[in-house]
Amino acid sequence: MSHFKLNKTSNMKNIFIIALLFICNSIFAQDAIEYQTPPKEIYDLVMAKPTPGVTFDSKGQYMLILERSSMPSVEDLAQPELRIAGLRINPNNFGPSRSAYTTGILIKEMATGKEFPVAGLPANLKAGNLRWSPNEDKAAFTNTTNTAIDIYVIDIKAHKAAKVNKAAVNLVLGSIDWVDNSTLLYTAVNKPLAMAPKKTLAPKGPVIQQNLGKVAASPTFQDLIKSPFDETQFEFYATTQLVKNSNGVETNIGSPAIYSNVEPSPDKKYLLIERIDKPFSYLVTAYGFNSTMMITDMNGTLVKTIAKLPSSELEPRGNDNVLNAPRGYTWLSNTPSTLQWIEPLDSGMIKNKMEFHDAAYTLAAPFTSEPRLFCKTAMRMYGIAMLSNNTYFITEGSRAQHRQKLSSLNPDRSLNLLIDRSTDDAYNDPGTPMTEKNNFGRNTIKVINGTKIVMRGIGASPKGDLPFLNTFDIYTKEIKQLWRCEEPYYETVTDVLDYDKMIIVTNKQSQTEQPNYYIRDLKNNSAKVITAFPDPQPGLRGITKQKITYKRKDGVDLAADLYLPKGYDAKKDGPLPVMMWAYPREFKSAADAAQLRGSKYTFTRVGYGSIVFWATQGYAIMDNTEFPIVGEGDKQPNDNFVDQLTWSAEAAIDKVAEMGVGDRNRVAVGGHSYGAFMTANLVAHTNLFKAGIARSGAYNRTLTPFGFQNEERTYWQAPEVYNGMSPFSYADKIKTPLLMIHGEADNNPGTFPIQSERLYNAIKGHGGTVRFVQLPFESHGYAARENILHMLWEQNQWLNKYVKNAAGTPYVK
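Residues numbered from 1 in each chain as written. Predicted model: local features only at pLDDT ≥ 70, side-chain atom pairs only at ≥ 80, totals over all residues. Heavy atoms only, no water.

Asker: Can you walk me through the overall build of the chain in this structure?
Answerer: Secondary structure assignment for the chain yields 11 helices and 48 strands. For 813 residues, the compact-globule formula gives about 28 Å, and the C-alpha radius of gyration of the chain, at 29 Å, lands near that figure. Along the longest, intermediate and shortest principal axes, the C-alpha atoms of the chain span 110 × 70 × 60 Å. When the accessible surface of the chain is split by element, carbon and sulfur atoms take 51% of a total near 36,700 Å². Measuring between centres, the 89 positive side-chain charges of the chain sit 3 Å from its 81 negative side-chain charges. (Helix = DSSP H or I, 4+ residues; strand = E, 2+ residues; numbered from the N terminus. Rg over C-alpha atoms; globule rule 2.2 N^0.38 Å. Areas by Shrake-Rupley, 256 points an atom, 1.4 Å probe, with all protein chains shown as cover. Lys, Arg positive; Asp, Glu negative; His and termini not counted. Charge placed at Lys NZ, Arg CZ, Asp CG, Glu CD.)

Encoded structure:
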């Protein structure tokens, strides 16, 4: 009997151990699964062929139809890649490692409507950087192969393309552009790939950084230089030879260097060059490195060194603060060769009390005189724009105040204020000036009838966006409408082809009509369709869309795009599970936050990141759900960030529940980037949701201590804000099931993959329900076909398990 007891005890121990191992395995084991695909309805939508892009010559004689590349494979993303100096470099062809390409080109004659293939295009076309020649008889583009980047030029009238370069092009920092109708300027590979630096197994010493008393509060950039070997790699791949190519004959300009910008003067006699200098920074990207601004002639002979610019790591933090150095060097577009730039008058610190904070200067050829004061601004100067009547526009503003001014320049160099507006005030946005090419081939703002400029805008209104084309009198400030989109359409102005006859190109769509291009004659009130692109995603037809509005508890009006499944009838089918997708925005005015944005008349199309896919799966979708974060007067928006998120979420749920289309007990919330940050906060601080989906977010704000989004206070100035807004600080409260997805190679400042890794560990450590999916080789936005399909599968599984088929836990405010 005692022997039996012993065996029974032993057996019980074995069973207990096996059960314990099973439980531990279920807690700690990782899911090592292969790529999955979502339901067929979603699969077919995401795999649809992209609609082509188009580009027109300014006279409206020709249109290029550009076939777009489909999603690359994960194997494509897995190709060799250098991540240094804030860049992603393909080490095999001296170009960017992650690009979308044009895979086919057609030429369409606008007068006849005939389309022509382009002869001479390379096999396996991967075109980019398309540039019309100044007279628009030609178009140049780069073609990328596995081992080199070349330049092709299309003869538009002959419908033929030909390769024009012998030296391989380097696009690590460089580009291509036309100098004149027969001459191209580009950066070429300087040394063969065989000379690339080789990494030794053991370093020569430790990596050391130091700061000797200078304030250098830098953002949390990714892919930075981290070692002396990184420095040698950056120098090798970024060093280029500047080349001038005239009708296929290449001529080197100057000596090899790291050129970050090269701009010919309007008269084509000089080059404005920015050259990157050593030492390279370990804190900022290549575009913030020490540099030299210089002017050379067209042969590369130095004419004048303009400035030695320090690294941007010394730029003070704060939305309106700037580096205490000249900035914005460029040529005035309406003069042969006059340089312009901006300098801070306040040492770069906006808090310094000054009548004027910025000044612009000019220096004309031969660049031997003293710079001439051009104008001063009371706020930060954003830029100078030239008009076709030789008037100048000056733009200034404040990011912190959400404010922008547009002024014209008086003969005495004072400013005549034309527009002063909140950048959040969509209803009173006057639009953007239209341009035309001047005698130098440079775009300048078009003036008609001597005093009027032509402005196109999105046309936000209480009815939604109704885009417009207006004139604005630069002397009387009178606005007159030339054309406006009519309901029930959403139609935007693409270009003005003839200002005298008022012939324009528009892109028109409705809820039932696929976007296509039209030529409109405004004087004769006629329109002619010029493209017939088919519906790329017929599986979405029948899904209904409406713009819904509602109010949150503090009185701010909100809106969302509501999509309902095909054939859905609320009375027959009852309330649906709800998926809510959002991205918070900061405002300085509750009235501006309450304005209606977007249009209910757009044709429903979805990209890989859309949540509208799930309208095909029986969900009510709230897309573009508004979550404004308002801080009026001296208050900062983030002072009660979580409260405002909660109010917006409660109001959105109440709205769809009151409509009878949404089940308030089965609602999920999600977002990407800052929307993921929002999602994690909502599931940490409320019980409103059945599940959350957070993609590529940042969750611990102490890891972005010098500011994030529009928050300009540092962690040390407002620790309570940083801690209070960090869902990581409340990981023990996150019990709502949370699906976290992140690209393994995220390159966005602040959203390092470790943000998701650490929040996952924290939630798991406190017994929460959480799943973390890391997508191989993906950046902040996702690209590879396999990764995107798997992401959609993960989201579908999560929503079905925890929302659609969830047991009913009561909704709790």
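Asker: I keep staring at the sheet that holds strand E19 (residues 302–309) and nothing clicks. Help me out?
Answerer: Read across the open sheet, the four strands follow the order E16-E17-E18-E19; overall the sheet is antiparallel. The open sheet has two free edges, formed respectively by strand E16 (259–264) and E19, since each of these has just one partner strand. Taken pair by pair, the neighbouring strands of this sheet meet at an average axis angle of 15°, ignoring direction. (Pairing = 2+ DSSP bridges. Axes fitted to C-alpha atoms, helices over the stretch in contact; angles between N-to-C directions.)

Asker: For this particular structure, what's the right way to read the packing of helix H7 (residues 641–659) against helix H8 (residues 674–685)?
Answerer: The N-to-C vectors of H7 and H8 enclose an angle of 85°; their axes lie 10 Å apart at closest approach. As far as their axial angle goes, H8 and H7 are roughly perpendicular. Residue-level contacts link Phe641, Val642, Leu645, Thr646 and Ala649 of H7 to Tyr674, Phe677, Met678, Asn681, Leu682 and His685 of H8. Partitioning the contact of H7 with H8 into residue classes produces eight nonpolar, three polar and no charged. (Parallel < 35°, antiparallel > 145°, perpendicular 65-115°, else oblique. Contact = heavy atoms within 4.5 Å. Nonpolar A, V, L, I, M, F, W, Y, C, P; charged D, E, K, R; others polar.)

Asker: Sorry, what's going on with the pairing of strand E46 (residues 691–695) here?
Answerer: Look at any regular strand and the pattern is simple: side chains alternate between the two faces of the sheet. A large share of E46 lies buried, amounting to five of its five residues. Side chains Ala691, Ile693 and Arg695 of E46 all project onto a buried face; the interleaved residues Gly692 and Ala694 project onto the opposite face, where all are buried too. Once you follow strand E45 (residues 662–672) into H8 and on to E46, the crossover reads as right-handed. Of the strand pairs in this sheet, E46 and strand E47 (residues 738–743) are connected by four bridges, and their pairing is parallel. Paired with alanine 694 across the strands is methionine 740, a residue of E47. Note that the unit made of E46, helix H9 (residues 719–725) and E47 has a crossover that is right-handed. (Buried < 20%, exposed > 50% of the residue type's maximum accessible area, 1.4 Å probe, protein only. Right-handed = clockwise from strand over helix to strand, strands pointing away.)

Asker: Quick question: what am I supposed to make of the pairing of strand E43 (residues 620–625) here?
Answerer: Most of E43 is tucked away, with five of its six residues classed as buried. Pairing of strand E40 (residues 557–564) with E43, which is carried by three bridges, proceeds in the antiparallel orientation. Each residue of the ladder has a partner; that of aspartate 561, found in E43, is aspartate 623. Looking at chain direction, strand E41 (residues 576–582) and E43 are connected through four bridges and run parallel.

Asker: What am I meant to see in the environment of alanine 559 here?
Answerer: Secondary-structure assignment places alanine 559 in strand E40. What makes alanine 559 buried here is its relative accessible area of 3%. Residues alanine 559 and threonine 232, spaced 327 residues apart in sequence, show a C-alpha to C-alpha distance of 52 Å. Those residues in contact with alanine 559 that lie beyond four places of it in its chain are Lys547, Ile548, Thr549, Tyr550, Leu596, Asn624, Thr625 and Glu626.

Asker: Would you mind going over unusual backbone geometry with me for this structure?
Answerer: When glycine is set aside, most residues are seen to have a negative phi, and most peptide bonds are trans. For the bond running from alanine 365 to proline 366, omega is 10°, close enough to zero to count as cis. Tracing the backbone shows proline 366 in the loop between strand E22 (358–364) and strand E23 (372–377). Here the amide bond leading from glutamate 487 into proline 488 is cis, since omega sits at 5°, within 30 degrees of zero. Positive phi outside glycine occurs at histidine 159, with the angle close to 60°. Mapped onto the fold, histidine 159 is located in the loop between strand E10 (149–155) and strand E11 (160–163).

Asker: Teacher, can you tell me more about the packing of aromatic side chains here?
Answerer: Any two aromatic rings considered together are summarised by their centre-to-centre distance and by the angle between their planes. What the rule picks out here adds up to 26 aromatic pairs. The interplanar angle of 55° and the centroid separation of 6.0 Å between the aromatic rings of tyrosine 583 and tyrosine 674 together place this pair among those described as tilted. Here tyrosine 583, found in the loop between E41 and strand E42 (585–587), pairs with tyrosine 674, found in helix H8; they are 91 residues apart in sequence, far enough to count as distant. Taking relative accessible area as the criterion, tyrosine 583 reaches 41% and is therefore assigned partly exposed. Among the aromatic residues, ring-to-ring pairing joins Tyr583, Phe641, Tyr674, Phe677, Phe706, Phe708, Tyr715, Trp716 and Tyr722 into one connected group. Between arginine 701 and the ring centre of phenylalanine 677, over which it is positioned, the NZ or CZ distance is 4.5 Å. (Phe/Tyr/Trp six-rings, centres within 6.5 Å; stacked < 30°, edge-to-face > 60°. Lys NZ or Arg CZ within 6 Å of the ring centre and 35° of its normal.)

Asker: Is there a simple way to think about the sheet that holds strand E14 (residues 240–246) in this case?
Answerer: Through backbone hydrogen bonds, the strands of a sheet pair up, either in parallel or in antiparallel fashion. The strand order across the open sheet built from four strands is E12-E13-E14-E15, with neighbouring strands paired in antiparallel fashion. Edge positions in the sheet fall to strand E12 (176–180) and strand E15 (249–257), since each of these pairs with one other strand and no more. Across the sheet, the mean angle from the axis of one strand to that of its neighbour is 30°, orientation sign disregarded. As judged from the six bridges shared by E14 and E15, these two strands associate in the antiparallel manner. Note that in E15 the partner of asparagine 245 across the bridge is glutamate 250.

Asker: Which parts of the structure should I look at to understand the side chain of serine 589?
Answerer: Looking at the secondary structure, you find serine 589 in the loop between E42 and helix H6 (590–593). On the basis of relative accessible area, serine 589 is assigned to the buried category, the value being 17%. Polar side-chain contacts of serine 589 include one of 3.2 Å to the backbone nitrogen of alanine 591. If near-sequence neighbours (up to four positions away) are discounted, serine 589 is found in contact with Val630 and Glu632. (Polar contact = N/O pair within 3.5 Å; in protein donor to acceptor, adjacent residues only side chain to side chain.)

Asker: Even after reading the chapter, I still don't get the pattern of salt bridges, so can you show me in this structure?
Answerer: One pass over the structure, following the stated rule, counts 29 salt bridges. A salt bridge links aspartate 663 to arginine 666; its shortest N-O distance comes to 2.9 Å. With relative accessibility at 18%, the residue aspartate 663 sits in the buried group. Overall, arginine 666 belongs to the buried group, its relative accessible area being 18%. Residue glutamate 711 pairs with arginine 713 through a salt bridge whose shortest N-O separation is 2.7 Å. (Salt bridge = Lys/Arg side-chain N within 4 Å of Asp/Glu carboxyl O.)

Asker: Explain the environment of glutamate 115 to me, please; I cannot follow it from the model alone.
Answerer: Its place among the elements puts glutamate 115 in strand E7 (residues 115–117). The class for glutamate 115 is partly exposed, based on a relative accessible area of 42%. Dropping the residues within four chain positions of it, glutamate 115 is found in contact with Ile65, Leu106, Ile107 and Lys108.

Asker: So what exactly am I meant to see when it comes to helix H10 (residues 753–765) here?
Answerer: Quick reminder: α-helices carry 3.6 residues per turn. Residues three or four places apart thus point the same way. Compared with the 18 Å implied by 1.5 Å per residue over 13 residues, the 18 Å span of H10 between its first and last C-alpha is a close match. Of the positions making up H10, those classed as buried are Pro753, Gln755, Ser756, Leu759, Tyr760, Ala762 and Ile763. As for H10, its buried residues are in contact with H8, E47 and strand E48 (770–775). Once H10 ends, the next one or two residues include glycine 767, with phi positive near 80°. (Expected span 1.5 Å × (residues − 1).)

Asker: Got a minute to help me understand H8 in this structure?
Answerer: Relative to the 16 Å expected for 12 residues at 1.5 Å per residue, H8 spans 17 Å between its end C-alpha atoms, a close match to the ideal helical length. Taking burial as the measure, the 12 residues of H8 include 11 buried ones, the bulk of the element. Taken together, the buried positions of H8 are Tyr674, Gly675, Ala676, Phe677, Met678, Thr679, Ala680, Asn681, Leu682, Val683 and Ala684.

Asker: Any chance you could explain the environment of phenylalanine 440 here in plain terms?
Answerer: Residue position: phenylalanine 440 is located in the loop between strand E29 (435–437) and strand E30 (443–445). Classification of phenylalanine 440 as partly exposed rests on a relative accessible area of 23%. Measuring from C-alpha to C-alpha, the distance between phenylalanine 440 and lysine 268 comes to 8.9 Å, with 172 residues separating the pair along the chain. In this structure, phenylalanine 440 is in contact with Pro266, Asp267, Lys268, Ser333, Asn334, Thr335 and Pro336, ignoring residues within four places of it in sequence.

On their own, these measurements won't tell you what the molecule is for.
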